[in-house]
Amino acid sequence: PRTIYLKDYQAPDYLIDETHLTFELHEDRTLVHAQLVMRRNPARGSGLPPLVLDGQQLELLSIRLNDRELGAHDYLLDDRHLTLQPDSAEFVIDSSVCIHPESNTALEGLYKSGKMFCTQCEAEGFRKITYYLDRPDVMSKFTTTVSADRQRYPVLLSNGNPITSGSEDNGRHWATWEDPFRKPAYLFALVAGDLWCVEDQFTTMSQREVALRIYVEPENLDKCQHAMDSLKRAMRWDEEAYGREYDLDIFMIVAVNDFNMGAMENKGLNIFNSSAVLAKAETATDAAHQRVEAIVAHEYFHNWSGNRVTCRDWFQLSLKEGFTVFRDAGFSADMNSPTVKRIEDVAYLRTHQFAEDAGPMAHSVRPDAYMEISNFYTLTVYEKGAEVVRMIQTLLGAEGFRKGSDLYFQRHDGQAVTCDDFVKAMEDANGVDLAQFKRWYSQAGTPRLEVGSAYDAEAKTLTLTFRQLCPPSPGQAHKEPFVIPVDLALLDGQGRELPLRLAGEAAASGTSRVLAVNEAEQSFTFVDIPEQPLPSLLRGFSAPVKLSFPYSRDQLMFLMQHDSDGFNRWEAGQQLAVQVLQELIGQRQRGEPMVLDRRLVAALKSVLENDGLDQAMVAEMLSLPGEAYLIEISEVADVDAIHAAREFARRELAEALFEPLWQRYQANRQASRQSAYVATAEHFARRSLQNIALSYLMLSEKPEVLEAAQEQYREADNMTERLAALAVLVNSPFEEAKAEGLALFADRFKDDPLVMDQWFSVQAGCPLPGGLERVRALMQHPAFTIKNPNKVRALIGAFANQNHANFHRDDGESYRFLADQVIMLNALNPQIAARQLAPLTRWRKYDLSRQALMKAELERILVSGSLSSDVYEVVSKSLA
Ligand code: BAL
Ligand code: ZN
């Protein structure tokens, strides 16, 4: 495959003012007629270069240029392009092609999910529908007519507003949709199916009425309310937080079972993976409810950050994705607990994005090159991209940031722009220079920030010294210093924040502030500091860096208790746990008996006994750093020692804290029994503490706990409690109870694919010996199919990404298993195949024997036959 470079970007030679599409959907083929009203791009000068249209897997039936039928000698056709010569600056192209959605297993372009037709065009799927300039800087007005069998496909949808519809004599019918907003082809959507809808309404801030519809298959009608409520909250929030109003008369969401991504923001017609829209208490966990709320909001927010203002080219993907993730995080924080949301996001970023940033696929937030753009829908572009936007807000303040976003939307409405344009709007609205800051967009890798402190008791000054360094990443040996916003406070012996005055400042201002660290090495001296303070650094995780400060365990315990920044209280607990776990890992590696530092017990005991703490915070603080995170922060990850040490710590904690855990569990379970399920932050918090308490308690293997788990499993009125109870049974040694629980669950939910996904995941993640054999057996289960991305993620993905003990078994059999699945998926669905590879790409993290086994599997994939560009890029870069 060819590598595409950002530096080679050129504006398009031609523009498409209008796009008129007609789809004739049939069971064995689909005919697509496209009329493109085109003209020479004036920005590219005069003359008429050849017109090169993108097109893949299309059977060309006919093509006309301005009513002139073209013959084979009038154009060039290969498997990626159709090239012809226009003879005037303005012209019309009419093409007819035949495509086969019914056999499209890649789920890109037009395809069938079950009985319905649907599309996924981002990033480059539209070229599998018709010949086109399939690039985001070509924006066009679309009119779409869909015709299909009336009985099979009573609902025919596309972008924009419905215009006309009618019937034909032959049992078919048609509908025409018109989207008044110019858009790139990646935002095109079409749906046809036997769908039912839940309907509601929203009155915008300028009093326009918008019809809201969520289309689903009939059995899912009762699972739409949460998404609908989330949508209305998101619409209101975007008006209040960003001044953004919805612009069409109708907003539609369609739930689709077979979908590569979470969801897609097509203009006016969002298409969702059913897992990201369907939720009701009996079948979806609290986490699933929160995910639905976040994704519904994310896709809706794209209407401005992505659709009204779109990307010039795919290197700018983070322009819309980083910003939109930042926006949805703000929304979720406002709807739930901001501190808990931040903790979840940071834990996710540090575990997964930091690993990506340290691996062979590391790339900057705005990549310089790609072979297959689908491989760049990454944690770096999304999550780190959101952190970059968050840092801009931290540096400018909330008001300055809002001025910047207002200017951005106003300046670029209707345009396809770059990350530079986004930053420029922020600069211009605030009169600041962010030139150095922009290195966050161009330099890959996670910077390390080492902080030292020196207190001068005589001068009453505290000097903080910062040293930043960023390790090399592929293609980037040397990094220039970043601008790192460090939000901090200095705490006195009682935990109070001291007034802050830097040397040279006239007076103290405030007790916390953001320092912009922008040199490789830099010192800041605070004056009038009456006693040796304890710094609370990088509050709220103000920059995506690896911070190190030589905190003692006692100081971390102090911060856990006293830091007025909630995030940093949690962070102190995590750092304490990391220190303690690393000590246990060392003991295990040396063959010494493991001895848990009792300070961790004491710290968690006081957290558990503190009734004033938000229960969600208690649950977060009780959660030890995960194995994946411990792997990420290891030089060479000893998976066995990590697993053994963490399990040992959990057992010790469970034993020492049995009483307070049992009390918390019983109180919360009692509260759950007494009230019906509600999807609110307070109830999420209560259940999360209840369930983590149960998972600790179960380690005691006491009969009363087994009984409690079984009671919770049987009697729960919601999936959060039921699944948590099933998980503790599955991870327990109680074979009979486990088998019974699994069988009852499968019997009850066999017809609900999303619930069965959870059943697969719980088993795939079970660390007890025999994991690979269990997963192999589950692949034969009638509810499993490798053709459905959710199933692949639930079983194969959960096993390879979460079940470290079994995935890294030392005979390499699990690596071989994963490689086999990737080879199979490569032929069916390249995007999903490439995603599943991620755990193998991290081979450099492990011991030499595992390295060799993992590499051998990557090499086997490389020579396994005709590789998709998706898989080829990941494998070849991993081995480079
Ligand atoms: N644009 C692809 C799906 C999403 O990020 O919303
Ligand atoms: Zn997005």
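A short tour of the structure in this document, coming up. (Residues numbered from 1 in each chain as written. Chains lettered and ligands numbered in written order. Predicted model: local features only at pLDDT ≥ 70, side-chain atom pairs only at ≥ 80, totals over all residues. Heavy atoms only, no water.)

A word on the overall build of the chain
Summing up its helical and strand segments, the chain has 27 helices and 31 strands in all. Taken over the C-alpha trace, the chain has a radius of gyration of 28 Å; the compact-globule value for 880 residues is 29 Å, and the two agree within 12%. Overall size of the chain, expressed as C-alpha extent along the three principal axes, is 85 × 70 × 60 Å. The buried share of the chain, reckoned over its 880 residues, is 60%. For the chain, contacts bridging at least 24 residues in sequence account for 70% of all contacts bridging at least 6. Just so you have it, the chain exposes about 33,200 Å², and 49% of that area is on carbon and sulfur atoms. Charged side chains of the chain number 91 positive and 125 negative; the gap between the two group centres comes to 1 Å. (Helix = DSSP H or I, 4+ residues; strand = E, 2+ residues; numbered from the N terminus. Rg over C-alpha atoms; globule rule 2.2 N^0.38 Å. Buried < 20%, exposed > 50% of the residue type's maximum accessible area, 1.4 Å probe, protein only. Contact = heavy atoms within 4.5 Å. Areas by Shrake-Rupley, 256 points an atom, 1.4 Å probe, with all protein chains shown as cover. Lys, Arg positive; Asp, Glu negative; His and termini not counted. Charge placed at Lys NZ, Arg CZ, Asp CG, Glu CD.)

Considerations on the coordination of the zinc ion (ligand 2)
Binding of the zinc ion (ligand 2) to the protein goes through His298 (NE2), His302 (NE2) and Glu321 (OE), at separations of 1.9 to 2.0 Å. Motif for the zinc ion (ligand 2), donor spacing along one chain: H-x3-H-x18-E. Taken together, the residues span a long stretch of sequence, with His302 in the loop between helix H2 (286-301) and strand S22 (310-311) and Glu321 in helix H3 (residues 317-335) at a distance of 19 residues. We note that His302, like Glu321, is buried. (Donors = N, O, S within 2.8 Å, 3.2 Å for Na, K, Ca; no water.)

A few points about the packing of helix H14 (residues 658-674) against helix H15 (residues 681-698)
Relative to each other, H14 and H15 sit at 135°, their axes nearing to 8 Å. As judged from the angle between their axes, H14 and H15 are oblique. For H14 against H15, the interelement crossing comes out left-handed. Here Phe658, Leu661, Trp662, Arg664, Tyr665, Asn668, Arg669, Ala671 and Ser672 of H14 come into contact with H15, specifically with Arg686, Arg687, Leu689, Gln690, Ala693, Leu694, Tyr696 and Leu697. For the contact of H14 with H15, the class distribution of residues is ten nonpolar, three polar and four charged. (Axes fitted to C-alpha atoms, helices over the stretch in contact; angles between N-to-C directions. Parallel < 35°, antiparallel > 145°, perpendicular 65-115°, else oblique. Left-handed = near helix turned anticlockwise from the far one by under 90°. Nonpolar A, V, L, I, M, F, W, Y, C, P; charged D, E, K, R; others polar.)

Some details on the site of ligand 1
Glu122, Met261, Ala263, Met264, Glu265, His298, Glu299, His302, Lys320, Glu321 and Tyr382 make up every residue found near ligand 1. Take Glu122: an N or O atom from its side chain is 2.5 Å from a nitrogen atom of ligand 1. Lys320 places a polar side-chain atom, nitrogen or oxygen, 3.2 Å from a nitrogen atom of ligand 1. Across the complex, the protein chains shield 96% of the 220 Å² of accessible surface that ligand 1 would expose by itself. When residues of the shell around ligand 1 are traced back to their parent elements, those giving at least two are strand S20 (263-264), H2 and H3. (Near = heavy atom within 4 Å. Polar contact = N/O pair within 3.5 Å; in protein donor to acceptor, adjacent residues only side chain to side chain.)

Some words on the packing of helix H16 (residues 703-715) against helix H17 (residues 719-730)
Between H16 and H17, the least distance of the axes is 8 Å, while the angle of their chain directions is 140°. Considered as vectors, H16 and H17 are oriented oblique to each other. Crossing angle aside, the handedness with which H16 passes H17 is left-handed. In this structure, H16 contributes Leu706, Ala709, Gln710, Gln712, Tyr713 and Arg714 to the contact, and H17 contributes Glu721, Arg722, Ala724, Ala725, Leu726, Val728 and Leu729. Taken together, the residues of the contact of H16 with H17 sort by class into eight nonpolar, two polar and three charged.

Structural notes on a nonpolar patch on the surface
On the surface, Leu862, Val863 and Tyr872 cluster together into a nonpolar patch covering about 260 Å² of accessible area. Here Leu862 shows up in helix H26 (residues 848-862). Overall, Leu862 belongs to the partly exposed group, its relative accessible area being 32%. (Patch = residues over 30% accessible without salt bridge, like charges linked within 9 Å, V, L, I, M, F, W, Y side chains within 5 Å. Salt bridge = Lys/Arg side-chain N within 4 Å of Asp/Glu carboxyl O.)

Points about the packing of aromatic side chains
Counted according to the given criterion, the structure contains 42 aromatic pairs. Look at Phe23 and Phe188: their rings are 5.7 Å apart centre to centre, the planes differ by 10°, and that puts the pair in the stacked class. One end of the pair, Phe23, is in strand S2 (residues 14-25); the other, Phe188, is in the loop between strand S15 (172-183) and strand S16 (190-193), and 165 residues separate them in sequence. Each of the two residues, Phe23 as well as Phe188, counts as buried. Their ring planes at 65° and their centres at 6.1 Å tell us that Tyr300 and Phe301 sit as a pair that is edge-to-face. For the cation-ring pair, Arg244 lies above Trp304, with the distance from its terminal atom to the ring centre recorded as 4.6 Å. In this structure, Arg327 packs its charged tip against the face of Tyr242, placed 4.6 Å from the ring centre. (Phe/Tyr/Trp six-rings, centres within 6.5 Å; stacked < 30°, edge-to-face > 60°. Lys NZ or Arg CZ within 6 Å of the ring centre and 35° of its normal.)

Focus: the nonpolar core
Side chains of a nonpolar character, in soluble globular proteins, are inclined to be buried together. Judged by nonpolar contacts, the single largest core of 286 residues is most densely connected at Phe23, Phe422 and Phe466. Among the elements that line this core, the one with the most residues is helix H5 (residues 379-412), at twelve residues. (Core = buried A, V, L, I, M, F, W, Y, C linked by side-chain atoms within 4.5 Å.)

Examining H17
With twelve residues, H17 extends 16 Å from end C-alpha to end C-alpha; this agrees with the ideal 16 Å at 1.5 Å per step. Taking burial as the measure, the twelve residues of H17 include eleven buried ones, the bulk of the element. For H17, the full list of buried residues reads Met719, Thr720, Glu721, Arg722, Leu723, Ala724, Ala725, Leu726, Val728, Leu729 and Val730. Of the surrounding secondary structure, the elements contacted by the buried residues of H17 are H2, H14, H15, H16, helix H18 (735-749) and helix H19 (753-764). (Expected span 1.5 Å × (residues − 1).)

Concerning the pattern of salt bridges
Where charged atoms from two side chains of opposite charge approach closely, those side chains can pair. Overall, the coordinates contain 72 salt bridges when judged by the stated rule. Among the ionic pairs, Asp428 bridges to Arg411, the shortest N-O distance being 2.8 Å. Placement of the pair is Asp428 in helix H6 (residues 419-430) and Arg411 in helix H5, with a sequence separation of 17 residues. Taking relative accessible area as the criterion, Arg411 reaches 33% and is therefore assigned partly exposed. Salt bridges sharing partners connect three or more residues here, namely Arg553, Asp554, Glu583, Asp597 and Arg599.

Considering the state of the cysteines
Across all of its chains, the model carries zero disulfides by this definition. The cysteine Cys121 is free of any disulfide, with Cys118 supplying the nearest cysteine sulfur at 10 Å. The closest cysteine sulfur to the non-disulfide-bonded Cys197 is located on Cys224, 9.0 Å from its own sulfur. (Disulfide = S-S within 2.5 Å.)

Overview of the environment of Ser318
Structurally, Ser318 can be placed in helix H3. With relative accessibility at 4%, the residue Ser318 sits in the buried group. Separated by 321 residues in the primary sequence, Ser318 and Val639 place their C-alpha atoms 33 Å from one another. With residues up to four places along the chain from it excluded, the contact list for Ser318 reads Phe323, Val365, Val381 and Gly385. Polar contacts involving the side chain of Ser318 include one to the main-chain carbonyl oxygen of Val381, which spans 2.8 Å.

Let's talk about the sheet that holds strand S3 (residues 30-40)
Taken together, eight strands build an open sheet; the order of strands is S6-S5-S9-S3-S2-S12-S15-S14 and the sheet is mixed. Bordering the open sheet on either side are strand S6 (68-69) and strand S14 (161-167), each of which pairs with just one other strand. Where S3 meets strand S9 (residues 90-99), ten bridges bridge the pair, whose relative direction is antiparallel. Across the sheet, residue Arg39 finds its bridge partner in S9, namely Glu90. (Pairing = 2+ DSSP bridges.)

These figures capture arrangement, not role.
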